[in-house]
Amino acid sequence: MSIIGRWRALLAEQSPVAMATVIEGPDGSLGGKLLVTPDDHEGSAGNEDLDRAVVEAARGILEGGKTETRHFGPRGQRRMEDVAVFVQSFAPPPKMYVFGAIDFASAVARVGKFLGYRVIVCDARAVFATRDRFPSADEIVVSWPDEFLQTADVDRRSVICVLTHDPKFDVPVLKAALETEAGYIGAMGSRRTHNNRTARLKEEGVSEEALERISSPIGLDIGSRTPEETAVAIAAEIIAFRTGHTGGRLAERSGPIHAPAPDVAESPDAKDARRDTAGATRDSR
Amino acid sequence: MNPVVDKVAKWREEDKKAALATVVKVERSGPLGPGTSMAVSEDGQVVGSVSGGCVEPAVFEEAMTAIETGRPKLLTYGISDDEAFGVGLTCGGIIHIFVERVDW
């Protein structure tokens, strides 16, 4: 199979793959191509030594779901600039976990799909967590939210929306959410619900620092009323969280609209982790 | 599923020559991020895009040339008056696009 054929096949089955291309370098090296998966690679950037360096770099980039250019020496040496290699990651879509199978959840699930997330809806009540109510969700799980979350595959690109606004459910699920690396954790509820929930979480021994990771009440302040409007406010907050922006009207601001991509590699603390939150990056499908 | 990759793979199966143009770097404000791509077939079909429409016609020509010569090229497009061909971005950004014939 050609490299392009294999690339298409991997994308179709949503397997992680990185494509590395030599975009600058000595004559004849331009256009060198390496397809890299976590387990193997195909093609060549020019020579075996360079291939070895590029494959290693590409696997690291793929793990973070990033797209970037790296420089090497002609034989793959580090700290040399002769060869520029563009590496593009195609990672499986990030996940959005939605807890509480209410009408708001249905709208949030829809907007999550629209943004490119794999959407998983979970509720303990089988009568609410149904395919009829969530036609756009990728998975519908009937389970206690906290129990489900403990076994779920949550990474730094994942977002968690807790919409149950019932202390019986949301306190345990938020505690479980704080145990994960999730880049965004939001909890729905009025100010009163929020205050009550915060007090209960503190009683359960959750630290102030951990509480700061929870966006509660969930969403940007755009005056949303309906489930759809609320879903837009939540989606906007998820995007703003990832990019490190605060929301507000562009018309009332100056400066660049597309801020430079934040550097997420420096430290894994919550602040950095949140910038790494998922969204529909151009590389996800 | 990526429509550009999908289409190029299909063209290759039909033994149709094709070129791929990929945004590899964006400086300042730019409409589409790195990794965004557009492909052109030897009979002039186009899929995808690399900007908000500002540079596509120029990239199309470069892609056709790449199909013919097989020589890949790194292109840079900036603000209109910096460019020899008067092709540029109204947003004030600079985009770097790598164009290559797909024979892999």
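Small disclaimer: the values here were computed from a predicted structure and weren't measured.

Quick word on the overall build of chain A
Okay, so step 1: Helices and strands together make up the secondary structure of chain A, namely nine helices and eleven strands.
Okay, so step 2: In terms of overall dimensions, chain A has C-alpha extents of about 65 × 45 × 40 Å along its principal axes.
Okay, so step 3: Here chain A holds 285 residues, and 49% of them are scored as buried.
Okay, so step 4: When contacts within chain A are restricted to residue pairs at least 6 apart in sequence, long-range pairs at least 24 apart make up 57% of them.
Okay, so step 5: Accessible surface for chain A amounts to roughly 14100 Å². Of this, 49% is attributable to carbon and sulfur atoms.
Okay, so step 6: Computed over 36 positive and 43 negative side-chain charges, the separation of the two mean positions in chain A equals 4 Å.

Overview of the nonpolar core
All names here are of chain A.
Okay, so step 1: Membership of the largest hydrophobic core comes to 26 residues, with the highest contact counts inside it found for Leu163 and Ile234.
Okay, so step 2: Listed by contribution, the elements that provide at least two residues to this core are strand E6 (95-99), helix H3 (103-114), strand E7 (118-123), strand E9 (159-162) and helix H8 (227-243).
Okay, so step 3: Contacts of Leu163, omitting those with residues within four sequence positions, involve Val98, Phe99, Gly100, Ile102, Phe104, Ala105, Val108, Met188, Ile218 and Ile234.
Okay, so step 4: Formed by 24 residues, the second largest nonpolar core is a distinct cluster that contains Cys122, Ala182, Leu201 and Leu211.

A short note on the packing of helix H5 (residues 167-178) of chain A against helix H6 (residues 191-203) of chain A
A packed helix pair is summarised by two numbers, namely the angle formed by the two axes and the spacing between the axes.
Residues and elements named next belong to chain A.
Okay, so step 1: It is at 10 Å that the axes of H5 and H6 come closest, and there the two elements cross at 55°. Regarding the angle of H5 to H6, the classification is oblique. Of the two possible hands of crossing, H5 and H6 adopt the one that is right-handed. On H6, the residues touching Pro167, Asp170, Val171, Leu174 and Lys175 of H5 are Asn196, Arg197, Arg200 and Leu201.
Okay, so step 2: Partitioning the contact of H5 with H6 into residue classes produces four nonpolar, one polar and four charged.

Observations concerning the confidence of the model for chain A
Okay, so step 1: In the predicted model, chain A carries a mean pLDDT of 88, and the fraction of residues at 70 or more is 91%.
Okay, so step 2: Between residues 261-285 of chain A, whose pLDDT stays under 50, and residues either more than four places distant or in other chains, the model counts 75 contacts.

Let's talk about the interface of chain B and chain A
Okay, so step 1: Listed as interface residues are 26 residues of chain B and, on the opposing side, 24 residues of chain A.
Okay, so step 2: Salt-bridge contacts for Lys33 of chain A lead to Glu100 of chain B; the nearest nitrogen and oxygen are separated by 2.8 Å.
Okay, so step 3: Counting across the interface, chain B meets chain A through three residue pairs in polar contact (both at pLDDT 80 or more).
Okay, so step 4: Of all the elements in the fold, those that place two or more residues in the side of chain B that touches chain A are helix H1 (3-13), strand E1 (18-27) and strand E5 (94-101) of chain B.
Okay, so step 5: Here the side of chain B that touches chain A gets seven residues from one element, more than from any other, and that element is H1 of chain B.

Let's talk about the pattern of salt bridges
Side chains that carry opposite charge are capable of pairing whenever their charged atoms lie near each other.
Residue and element names in this part refer to chain A.
Okay, so step 1: Under the defined criterion, the tally for this structure stands at 23 salt bridges over all chains.
Okay, so step 2: Put simply, Lys113 and Asp138 hold a salt bridge, and the shortest N to O gap is 3.0 Å. Placement of the pair is Lys113 in helix H3 and Asp138 in the loop between E7 and strand E8 (139-142), with a sequence separation of 25 residues.
Okay, so step 3: On the accessibility criterion, Lys113 (33% relative accessible area) is partly exposed.
Okay, so step 4: Taking the shortest distance from any N to any O, the salt bridge between Arg118 and Glu139 comes out at 3.1 Å. Placement of the pair is Arg118 in strand E7 and Glu139 in strand E8, with a sequence separation of 21 residues.
Okay, so step 5: One continuous salt-bridge network, built from bridges that share partners, spans Arg6, Asp40 and Glu42.

Thoughts on the pairing of strand E3 (residues 41-44) of chain A
Residues and elements named next belong to chain A.
Okay, so step 1: Both strand E2 (residues 33-36) and E3 contribute to a ladder of four bridges, which runs antiparallel. Its bridge partner lying in E3, Leu35 is registered against Glu42.
Okay, so step 2: Hairpin connection, E2 to E3: the antiparallel pair is bridged by four residues.

Some details on the packing of aromatic side chains
Okay, so step 1: Counted according to the given criterion, the structure contains six aromatic pairs over all chains.
Okay, so step 2: Ring geometry for Tyr184 of chain A against Phe241 of chain A: centres 5.4 Å apart, planes inclined by 85°, an arrangement best described as edge-to-face. On the criterion of sequence distance, the pair formed by Tyr184 of chain A in strand E10 (residues 184-187) and Phe241 of chain A in helix H8 is long-range, its members being 57 residues apart. Here Tyr184 of chain A and Phe241 of chain A have matching classes, each one buried.
Okay, so step 3: An aromatic cluster is present here, built from Trp7 and Phe90 of chain A together with Trp104 of chain B joined pairwise through their rings.

The rules behind these values
Residues numbered from 1 in each chain as written. Chains lettered and ligands numbered in written order. Predicted model: local features only at pLDDT ≥ 70, side-chain atom pairs only at ≥ 80, totals over all residues. Heavy atoms only, no water. Helix = DSSP H or I, 4+ residues; strand = E, 2+ residues; numbered from the N terminus. Buried < 20%, exposed > 50% of the residue type's maximum accessible area, 1.4 Å probe, protein only. Contact = heavy atoms within 4.5 Å. Areas by Shrake-Rupley, 256 points an atom, 1.4 Å probe, with all protein chains shown as cover. Lys, Arg positive; Asp, Glu negative; His and termini not counted. Charge placed at Lys NZ, Arg CZ, Asp CG, Glu CD. Core = buried A, V, L, I, M, F, W, Y, C linked by side-chain atoms within 4.5 Å. Axes fitted to C-alpha atoms, helices over the stretch in contact; angles between N-to-C directions. Parallel < 35°, antiparallel > 145°, perpendicular 65-115°, else oblique. Left-handed = near helix turned anticlockwise from the far one by under 90°. Nonpolar A, V, L, I, M, F, W, Y, C, P; charged D, E, K, R; others polar. pLDDT = per-residue confidence, 0-100. Salt bridge = Lys/Arg side-chain N within 4 Å of Asp/Glu carboxyl O. Polar contact = N/O pair within 3.5 Å; in protein donor to acceptor, adjacent residues only side chain to side chain. Pairing = 2+ DSSP bridges. Phe/Tyr/Trp six-rings, centres within 6.5 Å; stacked < 30°, edge-to-face > 60°.

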